Amino acid sequence: DLGHNVILVIGDFTAMIGDPTGRNKTRPQISLEETYENSKTYIKQVSKILNIEKTRIVYNSKWLNEINFNKVVELSSKFTVAQFLERDDFNQRYKAGKPISLHEFMYPLAQAYDSVYLRADVEIGGTDQKFNLLLARSLQKEYEMSPQITITMPLIEGTDGVDKMSKSYGNFIAFNDTPDDMYGKVLSIPDELILKYFSLVVNISTQELEDYKLMIKMNKINNRDLKRKLAREIINIYYNDKMSSRAELNFDKIFIKKDIPEDIPTFKLSRNMKLVDFIYESKIVESKSEIKRLIKQGAVKIDDSPILDINYIISNDNDTIIKIGKRRFVKALS
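Since the structure is predicted, the reported quantities are computational estimates derived from the model, not experimental observations. (Residues numbered from 1 in each chain as written. Predicted model: local features only at pLDDT ≥ 70, side-chain atom pairs only at ≥ 80, totals over all residues. Heavy atoms only, no water.)

Visitor: Where do I start with the side chain of Glu104 in this structure?
Guide: Mapped onto the elements of the fold, Glu104 is located in helix 8 (residues 102–118). There is a polar contact of 2.7 Å between the side chain of Glu104 and the side chain of Arg93. (Helix = DSSP H or I, 4+ residues; strand = E, 2+ residues; numbered from the N terminus. Polar contact = N/O pair within 3.5 Å; in protein donor to acceptor, adjacent residues only side chain to side chain.)

What follows is the structure in structure tokens.
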């Protein structure tokens, strides 16, 4: 909006290497096909934040795939092993005698080259990416470019209150979660994270934040009511006020009154079909592998009874209400 050229770099090539940040062991590599599959939802998610029509979207496999070994040697010659061992995760593993594979050194090098290739002026990343962002500055200097400004953003703990929010840890609130899921997940965070979430993920003033701190200290508000407000504020950002109110009503109906929401999606079941296929076609869950995982975990229920068979067949003789996880419902109409 202020006239900058915004570039979203989808690191499909670097994801294939695997980011060693925060890892205490060698991270396994995955194929380029897998990284592409994983990236399919990124653009949909980021469009909740950025004006996608004004955003240039690039995949770093475009230029990193074209580099020959001469270029790899040239890039590697710009740095020393000692520099890389300054990274906390590498340093800790080295001191503990744990293996560090050479390909892991390639991740920060490849990410740094992204900034050279794109001639970046500013790069935004999490505080855990500080080493990689600064390495890019050093590499740009080697190519006689002005070093980029690096802006780091604080990381937040996930819903478990222990590890950083990550899909890998299953403790995340996704941009493309439904309002019902967002609401329920926010209410599940530990009380000690409430103010941190208010500070980092919603649009409130410093004065409001200070007021909440004082109200908590003086026992003028309880944590549950504050979490409800936090959940509504978050849903307002990614959806709207009407959806946040509806999510709150649905939450109370499911978890307090133990009812089924009135506005659950319904789909016509014209034939007997596998439960996995029905849930996938109703688009309640985005992948069949995720649906199978949920079934194996007992997280999919029919008539409040867990279905553990991934080959379970839904009959079209009667209407069937299916519950997926704690908050999602879908109705199969006969």
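Now that the structure has been shown, the text picks up again.
Visitor: Please clarify how the packing of helix 5 (residues 69–76) against helix 8 should be interpreted in this entry.
Guide: Helix packing geometry: the angle between the two helix axes and the distance between the axes. Running from N to C, helix 5 and helix 8 point in directions that differ by 95°, and their axes come no closer than 11 Å. The orientation of helix 5 with respect to helix 8, classified from their angle, is roughly perpendicular. Together, Lys71, Val72, Leu75 and Ser76 of helix 5 and Met106, Leu109 and Tyr113 of helix 8 make up the contact between the two elements. When its residues are assigned to classes, the contact of helix 5 with helix 8 shows five nonpolar, one polar and one charged. (Axes fitted to C-alpha atoms, helices over the stretch in contact; angles between N-to-C directions. Parallel < 35°, antiparallel > 145°, perpendicular 65-115°, else oblique. Contact = heavy atoms within 4.5 Å. Nonpolar A, V, L, I, M, F, W, Y, C, P; charged D, E, K, R; others polar.)

Visitor: Quick question: what am I supposed to make of the pattern of salt bridges here?
Guide: Two side chains of opposite charge can pair, provided their charged atoms sit close to one another. Counted by the stated rule, this structure contains 16 salt bridges. Across the pair Glu210 and Lys213 runs a salt bridge, and its minimum N-O distance is 3.4 Å. Within this pair, Glu210 and its partner Lys213 are both found in helix 12 (residues 206–217), separated by three residues, close to a single helical turn. If you follow the salt bridges from partner to partner, you end up with Arg228, Arg232, Glu248 and Asp252 in one network. (Salt bridge = Lys/Arg side-chain N within 4 Å of Asp/Glu carboxyl O.)

Visitor: Can you help me understand the packing of aromatic side chains in this one?
Guide: Geometry of an aromatic ring pair is reported as the spacing of the ring centres plus the angle between the planes. Taken as a whole, this structure holds nine aromatic pairs when the rule is applied. Here Trp63 and Tyr117 contribute two aromatic rings whose centre-to-centre distance is 4.4 Å and whose plane-to-plane angle is 15°, an arrangement assigned as stacked. Residue Trp63 is found in helix 4 (residues 61–64), and its partner Tyr117 is found in helix 8; the two are separated by 54 residues along the sequence. Clustering of aromatic rings is evident, with ring pairs tying together Phe79, Phe84, Phe90, Phe105 and Phe131. Note that Lys185 overlies the ring of Phe172, its terminal NZ or CZ placed 4.6 Å from the centroid. (Phe/Tyr/Trp six-rings, centres within 6.5 Å; stacked < 30°, edge-to-face > 60°. Lys NZ or Arg CZ within 6 Å of the ring centre and 35° of its normal.)

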